[in-house]
Amino acid sequence: MADPDNGWRFAQCFGDKQDVEEVTEADIISAVEFDETGDYLATGDKGGRVVLFERNEGKKGCEYKFYTEFQSHEPEFDYLKSLEIEEKINKIRWCKRQNAAHYLLSTNDKTIKLWKIFEKSMKVVSESNLQPEGYSSASQLRLPKLTHHDTMIAAIPRKIYQNAHAYHINSISVNSDGETYLSSDDLRINLWNLGISDQSFNIVDIKPVNMEELTEVITAAEFHPSHCNIFAYSSSKGTIKLNDMRAAALCDRHAKLFEERDDPQNKSFFSEIISSISDLKFSNDGRYILSRDYLTLKIWDMKMESRPVQVINIHDHLRTKLCDLYENDCIFDKFECTFSGNGSNVLTGSYNNFFHIYNRYTNSDTILQADKNTFRAKRVGSTKNKLAAAAGSKRLSRKDEFANVDSLDFSKKILHASWHPREDTIALAATNNLFLFQASEA
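Residues numbered from 1 in each chain as written. Predicted model: local features only at pLDDT ≥ 70, side-chain atom pairs only at ≥ 80, totals over all residues. Heavy atoms only, no water.

> Explanation requested: the packing of aromatic side chains in the structure shown.
What characterises a pair of aromatic rings is the spacing of the ring centres plus the angle enclosed by the ring planes. Taken as a whole and judged by the stated rule, the model has 25 aromatic pairs. Centre to centre, the rings of F269 and F270 are 5.1 Å apart; their planes meet at 80°, and the pair counts as edge-to-face. Members of the aromatic cluster, connected to one another through ring pairs, are F10, F355, F435 and F437. Taking the ring centre of F118 as reference, the NZ or CZ of K116 above it sits at 4.9 Å. A cation sits over an aromatic face here: R360 above Y288, 4.3 Å from the ring centre. (Phe/Tyr/Trp six-rings, centres within 6.5 Å; stacked < 30°, edge-to-face > 60°. Lys NZ or Arg CZ within 6 Å of the ring centre and 35° of its normal.)

> Looking at this model, I keep getting lost on a nonpolar patch on the surface. Mind explaining?
Together, F269, Y326 and F332 make up an exposed nonpolar region whose accessible area comes to about 320 Å². Position of Y326 relative to the elements: it lies in helix α2 (residues 322-327). A relative accessible area of 31% places Y326 in the partly exposed class. (Patch = residues over 30% accessible without salt bridge, like charges linked within 9 Å, V, L, I, M, F, W, Y side chains within 5 Å. Areas by Shrake-Rupley, 256 points an atom, 1.4 Å probe, with all protein chains shown as cover. Salt bridge = Lys/Arg side-chain N within 4 Å of Asp/Glu carboxyl O. Helix = DSSP H or I, 4+ residues; strand = E, 2+ residues; numbered from the N terminus. Buried < 20%, exposed > 50% of the residue type's maximum accessible area, 1.4 Å probe, protein only.)

> How do you make sense of the pairing of strand β27 (residues 365-369) when you look at a structure like this?
Along a regular strand, successive side chains alternate from one face of the sheet to the other. Here β27 lies mainly inside the structure; 5 of its 5 residues are buried. Neither face of β27 is left uncovered, since the one carrying D365, I367 and Q369 and the one carrying T366 and L368 both have all their residues buried. As paired strands, strand β26 (residues 354-359) and β27 are joined by 5 bridges and run antiparallel to one another. Bridged to Y358 within β27 is D365. (Pairing = 2+ DSSP bridges.)

> Sorry, what's going on with unusual backbone geometry here?
Of all residues except glycine, most have a negative phi; of all peptide bonds, most are trans. Here N6, not a glycine, exhibits a phi torsion of approximately 50°, which is positive. Looking at the element boundaries, N6 is found in the segment before β1 (8-14).

> What is the right way to read the pairing of strand β16 (residues 218-223) from this model?
Burial analysis of β16 places 6 of its 6 residues in the buried class, which makes it a mostly covered element. Where β16 meets strand β17 (residues 230-235), 5 bridges bridge the pair, whose relative direction is antiparallel. Of the residues in β17, the one forming a bridge with I218 is S235. Counted between consecutive antiparallel strands, the loop separating β16 from β17 contains 6 residues.

> Any chance you could explain the environment of A101 here in plain terms?
With respect to the element layout, A101 can be found in the loop between β8 (91-94) and β9 (102-107). Sequence separation between A101 and F118 is 17 residues, and the spatial gap between their C-alpha atoms is 4.6 Å.

Any functional reading would require information that these geometric values do not contain.
Following this line, the structure appears as structure tokens:
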């Protein structure tokens with residue numbers, strides 16, 4: 001019998017293991033990101049905290065342990081606009097490692113910070129000249145000696161980039177040159193040098209002179225993984241625009257436009273909302289772009305703008321529920337998407353803590369669930385769990401459960417996920433829990 005999970009299994013869970021009635025808002029994870037080696041994993045939450053995990057080399061497989069935690073952002077108040085600025089971490093991006101220290105960018109709605117995380121040696125004085133009887137000659141005096149006492153992990157903000165965005169920041173992306181990065185809000189994209197915090201260059205500005213003429217907003221932006229002059233951004237109209245910074249200082253004319261024309265017969269009140277792209281990613285080889293809208297995942301070939309090479313249905317079964325999803329605001333949920341390191345698989349989340357791993361070449365769609373019961377039943381060898389498994393076999397399959405719209409819990413959703421750059425290991429944020437899943441070696 002074929003394995004419905006295609007070799008994927010639960011590996012780890014961080015956070016509350018027990019079911020809690022009320023989750024503290026500040027504990028909800030809002031960003032997940034592996035570094036370029038996959039040895040470190042960062043999460044950000046709505047309380048403005050960043051938590052880092054490091055690979056536990058002493059264990060078999062891909063297992064992580066707590067590394068450090070620090071407060072990245074605090075709640076602020078914009079007195080000019082009478083607006084409260086949340087401390088919630090919107091995005092985390094690792095910078096290329098140059099030395100023993102780690103550098104990462106974290107952002108809330110308005111302020112981006114460059115953090116340096118490093119091991120700091122704590123020293124204590126082991127020898128000194130303090131003697132109660134005193135000294136009879138100067139030759140008895142000795143220089144005080146410091147000896148290593150302990151090592152602590154320190155996090156300090158090296159740069160703070162602020163006052164450059166009038167609207168909420170939705171994306172940050174580090175360039176392949178290792179020196180610059182971009183930040184984007186609803187209407188503008190800025191280019192920064194990592195070493196300069198008091199100025200940035202505006203490279204995209206779609207704000208109309210008259211705001212009543214506004215027809216679309218920028219939803220995500222990303223640099224090409226190897227060409228430092230190329231970046232792409234997506235819009236609420238479902239289009240992706242590829243830009244080349246060599247062409248002009250202000251990239252108001254795109255080099256390529258990736259757009260799939262809608263069938264006028266299928267147009268409805270919700271068409272524009274569900275076609276809005278919530279996330280986009282380049283494949284590591286830079287040949288493909290992955291985009292996520294409310295109902296589908298689309299894979300675009302950089303050489304073909306007219307239509308995607310693959311359309312993967314994620315929420316097609318929710319079409320009949322769009323009215324209810326509009327009423328409870330779920331239709332505006334921004335699901336992230338990501339390629340695997342080798343580009344053969346794509347990953348995105350859904351409701352009821354389900355998520356999809358889709359193999360582009362075999363067209364196999366693996367549906368898994370980041371559920372707390374997963375790790376409770378991890379010890380499948382026990383008699384108790386064998387009985388539970390036998391009882392569970394009478395239940396609906398995971399695919400049937402996923403398609404059963406009436407049984408889905410729309411308050412549980414996988415919005416944020418990251419794929420290990422070199423292995424088939426994924427990290428997912430499920431409310432206040434971080435889940436790790438792993439594919440067994442073929």
